[in-house]
Amino acid sequence: MELELVGVALSWPGPAQFGTLSDYFDALSKRTGIVPGMKPPGFPVLSGDFFSYADREDHYWTGYYTSRPFYKSLDRVLEAHLRGAEILYSLALSHARHAGMDSRYPLSDYALLTEARRALGLFQHHDAITGTAKEAVVVDYGVRLLHSLVNLKRVISNAAHYLVLGDKEAYRYDPAGPFLGTDDMRLNQDSLPEKTVIKLDTSPRFVVLFNPLEQERLSVVSLLVSSPRVRVLSEEGQPLAVQLSAQWSSATDMVPNVYQVSIMTRLPALGLSVLQLYKSFDSHTTLMSSVRLHLHGRELPVRPHEVFPVRVVPATSDDFCLDNQHMQACFSGLTGLLQSVRRAGEEHRLSTEFLIYGTRSAKDKSGAYLFLPDGDAKPYAPKEPPVVRVTEGPFFSEVASYYQHVQQVVRLYNVPGVEGLSLDVSCLVDIRDHVNKEMALRLSTSIASEDTFFTDLNGFQIQPRRFLKKLPLQANFYPMPAMAYIQDKESRLTLHTAQALGVASLHSGQLEVILDRRLMQDDNRGLGQGLKDNKRTCNRFRLLLERRTTANKVQDSRPISFPSLLSHMTSMHLNAEVLAMPVAQEKPAPPALRSFRPLSATVPCDFHILNLRTLQAEDDSLPSAEMALILHRKGFDCGLEAKHLGFNCTTSQGKFSLGSLFYGLELGSLQPTSLTLMYPLGAASPNSTVIHMDPMEIATFRIHFG
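Q: Give me the lowdown on the sheet that holds strand β38 (residues 667-673), citing residues and values where you can.
A: Sheet strands pair via backbone hydrogen bonds, and the direction of the pair is either parallel or antiparallel. One open sheet accounts for four strands, arranged β35-β36-β40-β38; its pairing is antiparallel. Single-partner strands in this sheet number two, and they are β35 (607-616) and β38. The sheet shows a mean angle of 25° between the axes of neighbouring strands, taken without regard to direction. Running over the sheet, helix α3 (residues 69-98) touches β35, β36 (623-633) and β40 (698-705) and is turned about 60° from β35. Together, β35 and β36 form the strand contacts of helix α4 (residues 109-122), whose direction differs from that of β35 by roughly 120°.

Q: Tell me about the packing of α3 against α4, and name the residues and values.
A: At a minimum axis distance of 10 Å, the contact between α3 and α4 shows a crossing angle of 150°. By the angle class used here, α3 and α4 are roughly antiparallel. With respect to the hand of their crossing, α3 and α4 are arranged in left-handed fashion. Contacts between α3 and α4 involve Asp 75, Leu 78, Glu 79, Leu 82, Ala 85, Glu 86 and Tyr 89 on the former and, on the latter, Asp 109, Tyr 110, Leu 113, Ala 116, Arg 117 and Leu 120. Across the contact of α3 with α4, the residue classes tally to eight nonpolar, no polar and five charged.

Q: Lay out a nonpolar patch on the surface with the relevant residues and their values.
A: Side chains of Leu 21, Tyr 24 and Phe 25 sit close together on the surface and give an oily, nonpolar patch of about 370 Å² of accessible area. Checked against the element boundaries, Leu 21 lands in helix α2 (residues 21-32). Taking the relative accessible area as the measure of exposure, Leu 21 reaches 65% and is therefore exposed.

Q: Tell me what's going on with the packing of α3 against helix α5 (residues 135-164), and back it up with residues and numbers.
A: The geometry of α3 relative to α5 is characterised by a closest axis approach of 8 Å and an angle of 30° between their N-to-C directions. Taken together, the axes of α3 and α5 are roughly parallel relative to one another. Crossing hand, α3 versus α5: left-handed. Tallied by class, the residues present in the contact of α3 with α5 amount to 21 nonpolar, five polar and one charged.

Q: Please set out empty space enclosed by the protein residue by residue, giving values where relevant.
A: Taken as a whole, this structure holds nine cavities of 30 Å³ or more when the rule is applied. Roughly 80 Å³ of volume is contained in the largest cavity. It is strand β31 (residues 537-547) that contributes the most residues to the lining of the largest cavity, three residues altogether. Looking at the second largest cavity, its volume works out to about 70 Å³. Lining the second largest cavity, in full, are Arg 68, Pro 69, Phe 70, Tyr 71, Asp 516, Arg 517, Leu 531, Asp 533, Asn 534, Lys 535 and Thr 537. Among the elements of the structure, α3 and β30 (510-518) are those that each provide at least two residues to the lining of the second largest cavity. Looking at which element gives the most residues to the lining of the second largest cavity, the answer is α3, with three residues. Considered class by class, the residues forming the lining of the second largest cavity number four nonpolar, two polar and five charged.

Criteria and cut-off values
- Residues numbered from 1 in each chain as written.
- Predicted model: local features only at pLDDT ≥ 70, side-chain atom pairs only at ≥ 80, totals over all residues.
- Heavy atoms only, no water.
- Pairing = 2+ DSSP bridges.
- Helix = DSSP H or I, 4+ residues; strand = E, 2+ residues; numbered from the N terminus.
- Axes fitted to C-alpha atoms, helices over the stretch in contact; angles between N-to-C directions.
- Contact = heavy atoms within 4.5 Å.
- Parallel < 35°, antiparallel > 145°, perpendicular 65-115°, else oblique.
- Left-handed = near helix turned anticlockwise from the far one by under 90°.
- Nonpolar A, V, L, I, M, F, W, Y, C, P; charged D, E, K, R; others polar.
- Patch = residues over 30% accessible without salt bridge, like charges linked within 9 Å, V, L, I, M, F, W, Y side chains within 5 Å.
- Areas by Shrake-Rupley, 256 points an atom, 1.4 Å probe, with all protein chains shown as cover.
- Salt bridge = Lys/Arg side-chain N within 4 Å of Asp/Glu carboxyl O.
- Buried < 20%, exposed > 50% of the residue type's maximum accessible area, 1.4 Å probe, protein only.
- 1 Å grid on protein atoms, 1.4 Å probe; cavity = no way out; pocket = protein on both sides within 12 Å on 5 of 7 lines; lining within 4 Å.
- Points joined across faces, edges and corners; volume = space filled by probe spheres on them.

Next up, the structure:
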């Protein structure tokens, strides 16, 4: 009616109607006489996104990229658990149906998956994941996220219970007494996770490990146990070498009667492995970590420990290095922070430092949305020098630097392949006693990146960014959901992140990431509160230094860029950790357990199984017999050195055979559909099971196992 009135008022010759983007581009193609989908000649092209934006003056909305990082991290933990639970539930239910056991399987777990999807979806609201909701609303979001996380751990353990049983007839679902425990626990919605301590005895304790990745992985898995006298056996009963380390409650205090045991193990793709642990005085396979404490003149008590002798270095010490078969990382003896990395015989400057941003003293100040700094960042200056603890062992070595407001741990895994090719970095930040301050971590390198750096968009594509000197400092920050990198003709440094944060490159060779923000006032964008509900927050990263072998591609004078395959794998290792589930101690001797290998073929290296999700039945609280298989073929840069990657997969020019992919399950039908499953894109066929996907493509298939 309104459009008719507008048409009459303007005396249009024809009827008026609402138009879509397709209508616009169809009309444009017709007007210019070009084939639909082609670029019209002479038309300017705008590409990229709308970051970073300001609504007035220099009020750039770049603060919310980091605001409330605790919940940004919890969101990602829930996301990883949801994907793992969906896939394992679908596999367990399919195998149970194949064996005629579905009547015994807890179909009610499907309702927990649905609830978790909704909680995660709700948190994508523009005031939730952004960290810009009122404090009471944030607590409500946190409670929902934690509730769903606990439920997803239950779904995963129920599925794993069924799948690892050698004799499926022995399967009994007991909701009151789960067969498998959880890997960790959070006391409250704003607590950091506490790992489960496995109580050892002379009878074996079994632990089930779940690898949520579609590729086999060689990883160091760390468990907490109640005794240093520990022996670990593989599923076949073979003794495994272990690295035994202390569990620390502070820089100098060990947790009594709790020990960390680390095992290097190869885990099947999307599969489950079984380990046996028991108390044993036979310690020839136990390799002890060595520990030294650099106190830098501080008078701190260090209690002697009979199991772990600690070497105390009271005064300032020289710089030192840790190494594995791939690289050497060197640290400052004074600060404990990273100084350089040597790879393939070449030394690269790679130093880290903590910084503090203030906010303006007059007029508008930083808040949940806005970042309005009072100038360049100043070096973080704690009251006392840090305590630096250096742990060295056969499977990993690490440097833990304890400052007043941040504890940084840099770990180097001595593992062939993906995990040993990058540095694992975690920063435990607590700025609850700060006033109008923001803490940042700066990486400085010798890479000649000039004014260009790269960030991802939602973990899908890479967007080039430029530092623009004409804009204020806050305008040069961008969101970093999964990674950011700088590069030149010879090297690339990628900062992989396990939580979305704000990032910038303010000088050539630098990357700077905001870790947390505490701001005492509202910034007049609708929240009505400051950011004063900070939590102890653990920010996790991986630092990957790669060597270029060919120049970066340039298209239309703009660089187009992709991560390398190694970089993609590193990101997935960081975001999809191995879950360790101990068999409940009060259970009698469990029936025979065996590893579960769901895939009979290797997934191509550049394919990612985004999800294998069971679709709902007419009763939406119950599962149907159909599943959605969602695949992503990643785009990657071949111009980076690819030595010693340890992959057991190859690329296949986009071809992927799904017919015999799942071991023990026959694919009854495969139907390509729209991404959201709303409409079919082809007929369902059991015969045509080889698919082809282009790089960067995401495709959804309805599948049914026969």
